[in-house]
Amino acid sequence: LYGINDKSLFSFARSKLLELEKRHQPFFIAIQTLDTHFPHGFVAEDCPVVYQDTRDAIKCSEKTIYDFVVWMQKQAFYKESVIIILGDHLMMSSSDIAPLLDRQPSREIYNVIIDPQNKLPHLIVKPHSQMDWGATALDLLGIATPAKLGLGTSLLQDDKTWVETLGERKFEEEMLKKSKEYNFLLGL
């Protein structure tokens, strides 16, 4: 789901989940929020405006996501669900709150797994990148795949991630390299 404000998006997602539940078959849904994105975010009409910058959009989006998770916890399908909340990147340096973020000693992308069945063997603390979450999600869902999937590695397996293997700096250097084949596929 992509392209609408978060409140509308989650309203649609609730309806879709209830519809999927009626099929009595396993299902998967992915939701991509946009309200906190560059340059100033989007603040829904019913959200308070306190800061007059992206922080208002962040607070509103946090509340919307929280309300959605609480709603999910009340559904019959929740006990068989896995909720994975992932950030796709840090707030961009061109954001209107970049000066506030620059004062932070360390920043990390927010990722959390809510697993009512407690299938997670342990807290995931090994070095990884966002590419590892696809393989991890499939692993959590019980879908048989190799531990490595594309450039990602399931964080639930013992296999080392590329960040572990190369180190963070070398991994970032490798990811910034150009690829003629990839650029061709993108039409560049």
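Before reading on, note that the structure itself is shown above.
### Describing the overall build of the chain
Along the backbone of the chain there are 7 helices and 4 strands. Each helix and strand of the chain, ordered N terminal to C terminal, gives the series α-α-β-α-β-α-β-β-α-α-α. Each of the three principal axes of the chain carries a C-alpha extent, and together these read 45 × 45 × 35 Å. For the chain, the proportion of its 188 residues judged to be buried stands at 28%. Counting contacts in the chain only where the partners sit at least 6 residues apart, residues at least 24 apart contribute 54% of the total. As displayed, the chain offers around 12,900 Å² of accessible surface, 57% of which is attributable to carbon and sulfur atoms.

### Notes on unusual backbone geometry
Glycine aside, the phi torsion of most residues is negative, and most peptide linkages are trans. Here the phi dihedral of H24 falls at roughly 55°; this positive angle occurs in a residue that is not glycine. Relative to the helices and strands, H24 is located in the loop between helix 1 (6–21) and helix 2 (54–73). Looking at H24, the relative accessible area reads 74%, which means it is exposed. Residues other than glycine seldom take positive phi values, yet Q52 does so here, at roughly 65°.

### Re the packing of helix 1 against helix 2
Helix 2 packs onto helix 1 with a crossing angle of 15° between their chain directions and a minimal axis gap of 10 Å. With respect to helix 2, the axis of helix 1 lies roughly parallel. Seen along the crossing, helix 1 lies across helix 2 with a hand that is right-handed. On the side of helix 1, the interface is formed by D6, K7, F10, A13, R14, L17 and L18, while helix 2 contributes C60, S61, T64, I65, D67, F68, W71 and M72.

### Observations regarding helix 2
A rise of 1.5 Å per residue sets the reference length of helix 2, with its 20 residues, at 28 Å; its end C-alpha atoms lie 29 Å apart and thus fit the reference within 8%. Looking only at helix 2, the buried set comprises T54, D56, A57, C60, S61, T64, F68, V69, W71 and M72. On its buried face, helix 2 is in contact with helix 1, strand 1 (83–86) and strand 2 (111–114).

### Focus: the pattern of salt bridges
Pairs can form between side chains of opposite charge whenever their charged atoms are close. Under the definition given, this model contains 8 salt bridges. Across the pair D53 and R55 runs a salt bridge whose closest N-O atoms are separated by 2.9 Å. We classify D53 as buried; its relative accessible area is 14%. A residue is classified by how much of its surface remains accessible, and R55, at 29% relative accessible area, is partly exposed. As a salt-bridge pair, K126 and E164 come within 3.9 Å of each other at their nearest N and O atoms. Of the two residues, K126 is situated in the loop between strand 2 and helix 4 (132–140) and E164 in helix 5 (residues 162–166); the sequence distance between them amounts to 38 residues. In this structure K126 comes out as buried when scored by relative accessible area, which is 17%. It is possible to trace a salt-bridge network through shared partners that takes in K16, E19 and R23.

### Thoughts on the nonpolar core
Counting residues in each nonpolar core, the largest one holds 11 residues, listed as F10, A13, L17, F68, V69, W71, M72, F77, Y78, I83 and I85. By residue number, the principal contributor to this core is helix 2, which donates 4 residues. If near-sequence neighbours (up to four positions away) are discounted, L17 is found in contact with F27, I29, F68, W71, M72 and F77. Within the second largest apolar cluster, 7 residues are counted, among which are V82, I124, L140 and L155.

Thresholds, definitions, all that
Residues numbered from 1 in each chain as written. Predicted model: local features only at pLDDT ≥ 70, side-chain atom pairs only at ≥ 80, totals over all residues. Heavy atoms only, no water. Helix = DSSP H or I, 4+ residues; strand = E, 2+ residues; numbered from the N terminus. Buried < 20%, exposed > 50% of the residue type's maximum accessible area, 1.4 Å probe, protein only. Contact = heavy atoms within 4.5 Å. Areas by Shrake-Rupley, 256 points an atom, 1.4 Å probe, with all protein chains shown as cover. Axes fitted to C-alpha atoms, helices over the stretch in contact; angles between N-to-C directions. Parallel < 35°, antiparallel > 145°, perpendicular 65-115°, else oblique. Left-handed = near helix turned anticlockwise from the far one by under 90°. Expected span 1.5 Å × (residues − 1). Salt bridge = Lys/Arg side-chain N within 4 Å of Asp/Glu carboxyl O. Core = buried A, V, L, I, M, F, W, Y, C linked by side-chain atoms within 4.5 Å.

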